[in-house]
Amino acid sequence: MSNDCIFCQIVAGQAPSAPIAETESTFAFMDIQPGSDGHLLVVPKRHSTDLRDIPADDLAEVALESQRIAKHAYSAWDADGVNLLNCCGADAWQTVFHFHMHVIPRYRDKDKDRLRLPFEPGIRGNQDLIDSLAASMRESLGEG
Ligand code: AMP
Ligand code: ZN
């Protein structure tokens, strides 16, 4: 546990939360600044900073628990859809540096849903740039 980490404190019961579910390695609780009704977070109990350092087993358990709860958003809350979101790094909007998956129920009823796409959809990218980024990623991955 990291003493100055708010999510470690929540997992340890030392800070308040609205809990939803707990497994051996994960904890789920409601987000206090929800982007939509029911917006919640799934975290590993073991502290990891972000996507780059979370151990594979914790990442797998968080993903599976996010899926399990996401399915219930349809039945429990009448959600019309769900977004899973992870922010890795301050420049990707991460503000709490304990890995977490956002589970964000989505609704056609916009009174329940304040999320908007952060980019303009439907704009075709530059194909040369797409191809060259694909090539540098393949090289970095050793994919030939
Ligand atoms: P991110 O920007 O991906 O790091 O998301 C951090 C999320 O944690 C935000 O959506 C916050 O509203 C949420 N958050 C911060 N502190 C708390 C807290 N004490 N209880 C519940 N959610 C929190
Ligand atoms: Zn932590």
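Residues numbered from 1 in each chain as written. Chains lettered and ligands numbered in written order. Predicted model: local features only at pLDDT ≥ 70, side-chain atom pairs only at ≥ 80, totals over all residues. Heavy atoms only, no water.

Caption draft 1: View of the overall build of the chain. Secondary structure assignment for the chain yields three helices and five strands. Ordered by position in the sequence, the α and β elements of the chain form the string α-β-β-β-α-β-β-α. With the C-alpha coordinates of the chain rotated into their principal frame, the extents come out at 50 × 40 × 25 Å. Scored against the burial criterion, the 144 residues of the chain give a buried share of 33%. For the chain, restricting intrachain contacts to residue pairs at least 6 apart in sequence, the fraction spanning at least 24 positions comes to 51%. Carbon and sulfur atoms make up 54% of the accessible area of the chain, which totals about 9300 Å². Distance from the positive charge centre (13 side chains) to the negative charge centre (22 side chains) of the chain: 6 Å. (Helix = DSSP H or I, 4+ residues; strand = E, 2+ residues; numbered from the N terminus. Buried < 20%, exposed > 50% of the residue type's maximum accessible area, 1.4 Å probe, protein only. Contact = heavy atoms within 4.5 Å. Areas by Shrake-Rupley, 256 points an atom, 1.4 Å probe, with all protein chains shown as cover. Lys, Arg positive; Asp, Glu negative; His and termini not counted. Charge placed at Lys NZ, Arg CZ, Asp CG, Glu CD.)

Caption draft 2: Inspection of the pairing of strand β1 (residues 19-22) at higher detail. Here β1 pairs with strand β2 (residues 26-30) via three bridges, running antiparallel. Each bridged residue has a counterpart across the sheet, and for alanine 21 the counterpart in β2 is alanine 28. Following β1, the chain reverses through three residues before pairing antiparallel with β2. (Pairing = 2+ DSSP bridges.)

Caption draft 3: Highlighting the site of ligand 1. Near ligand 1 lie 16 residues; those nearest to it are Asp31, Trp93, Thr95, His100 and His102. Here isoleucine 32 contributes a backbone N or O atom positioned 3.4 Å from a nitrogen atom of ligand 1. Take threonine 95: an N or O atom from its main chain is 2.7 Å from an oxygen atom of ligand 1. For ligand 1, whose accessible area on its own is 500 Å², the fraction buried by protein is 86%. According to the grid-proximity analysis, the pocket containing ligand 1 is the largest pocket. Broken down by secondary-structure element, the contributors of at least two residues to the shell around ligand 1 are α1 (6-11) and β2. Taken together, the residues that form the shell around ligand 1 break down as 10 nonpolar, five polar and one charged. (Near = heavy atom within 4 Å. Polar contact = N/O pair within 3.5 Å; in protein donor to acceptor, adjacent residues only side chain to side chain. 1 Å grid on protein atoms, 1.4 Å probe; cavity = no way out; pocket = protein on both sides within 12 Å on 5 of 7 lines; lining within 4 Å. Sits in = over half its atoms within 2 Å of the grid points. Nonpolar A, V, L, I, M, F, W, Y, C, P; charged D, E, K, R; others polar.)

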